[in-house]
Amino acid sequence: MLRNVSLRAAGYMGRTLQASDMQIHLYAFSVEIALRIIIQVSLYLIVAWFFGTFWNAVFVLLALAGFRSYSGGAQLKIFPRCLLFTGLLTASLVAIALPSWPTWMVYTVAVLTFISAIAVIIKWVPAGLKGRLLRNTDHKQRQKIKTFIFLLFCLLICIVLEVYNQRPLVQGVLTGLAASCFFTTPWGYRALGCVDKFYDF
């Protein structure tokens with residue numbers, strides 16, 4: 001269904017912009033990805049609102065989806081699997097971030113998470129499909145810069161939230177960022193590969 005909607009939207013865009021068939025297929029792919037993200041995020045936030053954890057989920061998803069949108073990384077084979085797994089992952093991260101952590105633990109996790117994120121950006125970003133890094137050197141460098149800028153944005157968000165005494169939201173950003181980093185690494189690919197095998201079984 002999403003594919004059909006995407007193709008129709010891309011066809012309209014292609015006729016308007018007088019695009020080639022190849023460009024129309026690229027438009028369709030982009031529209032489909034955007035629709036999937038909108039559906040996923042909307043569903044997760046509706047569920048979070050129902051359970052009274054709306055803002056916690058917002059900041060977890062901000063870090064989780066935001067970092068991966070620039071870094072790339074592991075994905076499951078089909079959309080329903082991704083929808084279910086990401087929903088369970090988001091719920092788990094919100095649950096981890098909800099309790100008040102000791103101050104020393106927050107600062108320790110923050111330092112380790114941001115150091116790990118920098119290492120991931122240097123070594124693995126951008127992570128291409130099935131672990132194959134994109135070969136265009138200029139594009140790779142731009143993606144690294146974009147991911148690093150987003151990381152600085154997360155740092156700024158954490159500082160502002162900490163100043164305004166919103167510790168659970170800081171913890172949400174940290175857990176989302178840590179999960180994003182993991183799924184950008186080869187270990188993340190292996191983990192989701194195991195999840196796919198479990199679904200296939």
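To start, this report covers the structure provided alongside it.

The rules behind each value
- Residues numbered from 1 in each chain as written.
- Predicted model: local features only at pLDDT ≥ 70, side-chain atom pairs only at ≥ 80, totals over all residues.
- Heavy atoms only, no water.
- Helix = DSSP H or I, 4+ residues; strand = E, 2+ residues; numbered from the N terminus.
- Buried < 20%, exposed > 50% of the residue type's maximum accessible area, 1.4 Å probe, protein only.
- Contact = heavy atoms within 4.5 Å.
- Areas by Shrake-Rupley, 256 points an atom, 1.4 Å probe, with all protein chains shown as cover.
- Polar contact = N/O pair within 3.5 Å; in protein donor to acceptor, adjacent residues only side chain to side chain.
- Expected span 1.5 Å × (residues − 1).
- Phe/Tyr/Trp six-rings, centres within 6.5 Å; stacked < 30°, edge-to-face > 60°.
- Core = buried A, V, L, I, M, F, W, Y, C linked by side-chain atoms within 4.5 Å.
- Axes fitted to C-alpha atoms, helices over the stretch in contact; angles between N-to-C directions.
- Parallel < 35°, antiparallel > 145°, perpendicular 65-115°, else oblique.
- Left-handed = near helix turned anticlockwise from the far one by under 90°.
- Nonpolar A, V, L, I, M, F, W, Y, C, P; charged D, E, K, R; others polar.

As a further point, take the overall build of the chain. A count of helices and strands for the chain gives 8 helices and 0 strands. Mapped from its N terminus to its C terminus, the chain presents α and β elements in the order α-α-α-α-α-α-α-α. Each of the 201 residues in the chain was classed as buried or not, and the buried ones make up 39%. Residue pairs in contact within the chain that sit at least 24 positions apart in sequence constitute 74% of those at least 6 positions apart. Element-wise, carbon and sulfur atoms account for 71% of the exposed surface of the chain, whose accessible area totals about 12400 Å².

Bringing the environment of S92 into the picture now. Along the chain, S92 turns up in helix 4 (residues 79-97). You can call S92 partly exposed: its relative accessible area is 38%. The spatial distance from the C-alpha of S92 to the C-alpha of T175 is 9.6 Å, given a sequence separation of 83 residues. A polar contact of 2.8 Å, which involves the side chain of S92, links it to the backbone oxygen of L88.

Relative to the helices and strands, G193 is located in helix 8 (residues 186-200). Distance from G193 to Q75, taken between C-alpha atoms, is 8.6 Å for residues 118 residues apart in sequence.

So, about helix 3 (residues 54-71). The end-to-end C-alpha separation of helix 3 is 25 Å, in line with the 26 Å expected for 18 residues at 1.5 Å each. Three or more residues of helix 3 are buried, namely N56, A57, F59, V60, L61, A63, L64, G66, F67 and S71. At the C-terminal side of helix 3, G72 shows a positive phi close to 80°.

With that settled, the discussion passes to the packing of aromatic side chains. The tally for this structure, following the rule as stated, stands at 7 aromatic pairs. Geometrically, the ring pair formed by F150 and F153 is tilted, given 6.0 Å between the ring centres and 40° between the ring planes. Residue F150 and its partner F153 are both found in helix 6 (residues 137-163); the two are separated by 3 residues, about one turn of the helix. Summarising the aromatic geometry, the rings of F182 and F183 are spaced 5.2 Å apart at their centres and angled 70° between planes, so their arrangement reads as edge-to-face.

Moving on to the nonpolar core. Counting residues in hydrophobic clusters, the biggest one holds 24 residues, and the most contacted among them are F67, F114, L161, V173, L174 and L177. Within the residue set of this core, elements represented by two or more residues are helix 3, helix 5 (103-123), helix 6 and helix 7 (167-182). If near-sequence neighbours (up to four positions away) are discounted, F114 is found in contact with L151, C154, L155, C158, L174 and L177. Judged by nonpolar contacts, the second largest core, of 18 residues, contains L61, L76, A127 and A179.

The next thing to look at is the side chain of R81. You can see R81 is positioned in helix 4. The class for R81 is buried, based on a relative accessible area of 13%. If we ignore the near neighbours within four places in the chain, the residues touching R81 are L76, D196, Y199 and D200.

Time to look at the packing of helix 5 against helix 7. For the pair helix 5 and helix 7, the least separation of the axes is 10 Å and the interaxial angle reads 30°. On the basis of the axis angle, helix 5 is roughly parallel to helix 7. Between helix 5 and helix 7 the crossing geometry is left-handed. Residues T103, V106, Y107, V109, A110, T113, F114, A117 and V120 of helix 5 lie in contact with helix 7, whose contacting residues are R167, V170, Q171, L174, L177, A178 and C181. Grouping the constituent residues of the contact of helix 5 with helix 7 by class yields 12 nonpolar, 3 polar and 1 charged.

Note that every value here comes from positions in space, so none of it alone points to a role or purpose.
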